[in-house]
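Understanding the architecture of this molecule
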Amino acid sequence: MNALFPDSGPRRGLFHRQVRRCWLLTLLLFLAAPALAACPRIVSQAPYLTLALQWLGQGHCIVGVSRYDRQLPQLPRTGGMLDPDGAAIAALKPDLIVASDWASAASLSAITPPGARLLRLNGFASLAETESMLATLARASRAPGARQKLQDFSRRWRQLAAQVQGKGRKVLLVSACSGSPYSFGRQHLVGDLFTQAGFEVVETAAKIRHLRPGAEIDDLETLVERTRPDILVSFTPQSTDHCSMIAPTLPVRIVSLEGEDFFHPGPGLLRALAQMRERLGPTPEPQP
């Protein structure tokens, strides 16, 4: 007993200090366990999912990203969205793989290691689908405080959309004024953004119409003539003047918007709506 429980002198003090250290270490490990359990090892196979995870506060849980991801350049690359690298993913021992549903279920299942969960997500059809994607991602990643973030996002995008006041103005939404542009329909996230802001999207194709040789409508001039918009919105960082020089004969007002935030379902859509409000919001009534 004396060997195990020294009863006096320096040995007793040393023993008590060691006991305290053991208890402190045990307590720290106990407190850290929930935090560690709340952070699964995540591989993100799409940049918009990486952005969403960072917004949810789970960016530190990501251990690998696709070759197209610019957000976390220090992390290992795990192939493309449509051609994921199974060996690279397996080496990272993920708990969760999140990917776009642009990739087939079969191809993604083939590279999912045993014990990992695969989640195929979209978000590009509408704001409602974006909200659903964010909620699913929050649950799967066990993001803390996600409920309040999701509620704030839903409330804020509705506020911004109402402030744009589209007032039924007819819009044609194109990726650019030159090259091989494509136009967005109402069943695409971009089209739904403008619909929610009160505009009438005049593109009759459900999601995307590519303007290219051999297509029913192969150039922007014909598309404008067929749809007769009040405003042509071009998603390009170039100026409206540049766009007007490319298509000087178009009988329509041209507005250029920077497209980056419009093309990623997630919190960046709030910046997109703020940009719409700034450039397409109601024109003040002239003073008498």
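Residues numbered from 1 in each chain as written. Predicted model: local features only at pLDDT ≥ 70, side-chain atom pairs only at ≥ 80, totals over all residues. Heavy atoms only, no water.

Notes on the nonpolar core
Counted only if it meets this: The set of buried Ala, Val, Leu, Ile, Met, Phe, Trp, Tyr and Cys residues whose side-chain atoms join them within 4.5 Å is what this entry labels a nonpolar core. Only protein chains enter the area calculation, which uses a 1.4 Å probe; residues under 20% of their type maximum are buried, those over 50% are exposed, and those in between are partly exposed.
Membership of the largest hydrophobic core comes to 52 residues, with the highest contact counts inside it found for L137, L173, F194, F235, L257, F262 and M276. Counting residues in each nonpolar core, the second largest holds 13 residues, with C177, V202, L211 and L223 among its members.

A closer look at the confidence of the model for the protein
So the rule is basically this: The predictor's confidence in any single residue is recorded as pLDDT, a number from 0 to 100. We call two residues contacting when some pair of their heavy atoms lies within 4.5 Å.
The predicted model of the protein has a mean per-residue pLDDT of 86, with 80% of residues at 70 or higher. Low pLDDT, under 50, characterises residues 284-288; the stretch is placed with 0 contacts to residues that sit more than four places away or in other chains.

As for the sheet that holds strand β1 (residues 42-44)
Spelled out, the test is: In this description, strands pair whenever DSSP reports at least two bridges between them. Helix and strand assignments follow DSSP, with helices taken as H or I runs no shorter than four residues and strands as E runs no shorter than two, numbered in order from the N terminus. Only the stretch in contact is used when a helix axis is fitted, and all axes are lines through C-alpha atoms; the angle between N-to-C directions ranges over 0 to 180 degrees.
Spatial ordering of the open sheet is given by β2-β1-β3-β4, a layout of 4 strands whose pairing is parallel. Pairing within the sheet leaves two strands with one partner each, and these edge strands are β2 (62-65) and β4 (117-121). Pairwise comparison of adjacent strand axes, ignoring direction, gives a mean angle of 20 degrees for this sheet. As paired strands, strand β3 (residues 96-100) and β4 are joined by 5 bridges and run parallel to one another. Paired with L96 across the bridge in β4 is R117.

A closer look at the packing of aromatic side chains
To keep it simple, the criterion reads: Classification of ring pairs rests on two measures: the distance between centres of Phe, Tyr or Trp rings, Trp counted by its six-membered ring, which must be within 6.5 Å, and the angle between planes, read as stacked under 30 degrees, edge-to-face over 60 and tilted in between.
This structure, assessed with the given rule, holds 11 aromatic pairs. Taken together, a centroid distance of 6.0 Å and an interplanar angle of 65 degrees make the contact between W55 and F153 edge-to-face. In this pair, W55 is assigned in helix α2 (residues 47-55) and F153 in helix α6 (residues 146-164), connecting sequence segments 98 residues apart. Its relative accessible area of 23% is what places W55 among the partly exposed residues. Both rings, one in F194 and one in F262, keep their centres 6.3 Å apart while their planes meet at 20 degrees; by these two values the pair is stacked. Highlighted residues: F194 in helix α7 (residues 189-196) and F262 in the loop between β10 (253-257) and α10 (268-280), separated in sequence by 68 residues. On the accessibility criterion, F194 (0% relative accessible area) is buried. Ring-pair connections join several aromatic residues into one group, and the members of that group are Y182, F184, F194, F199, F235, F262 and F263.

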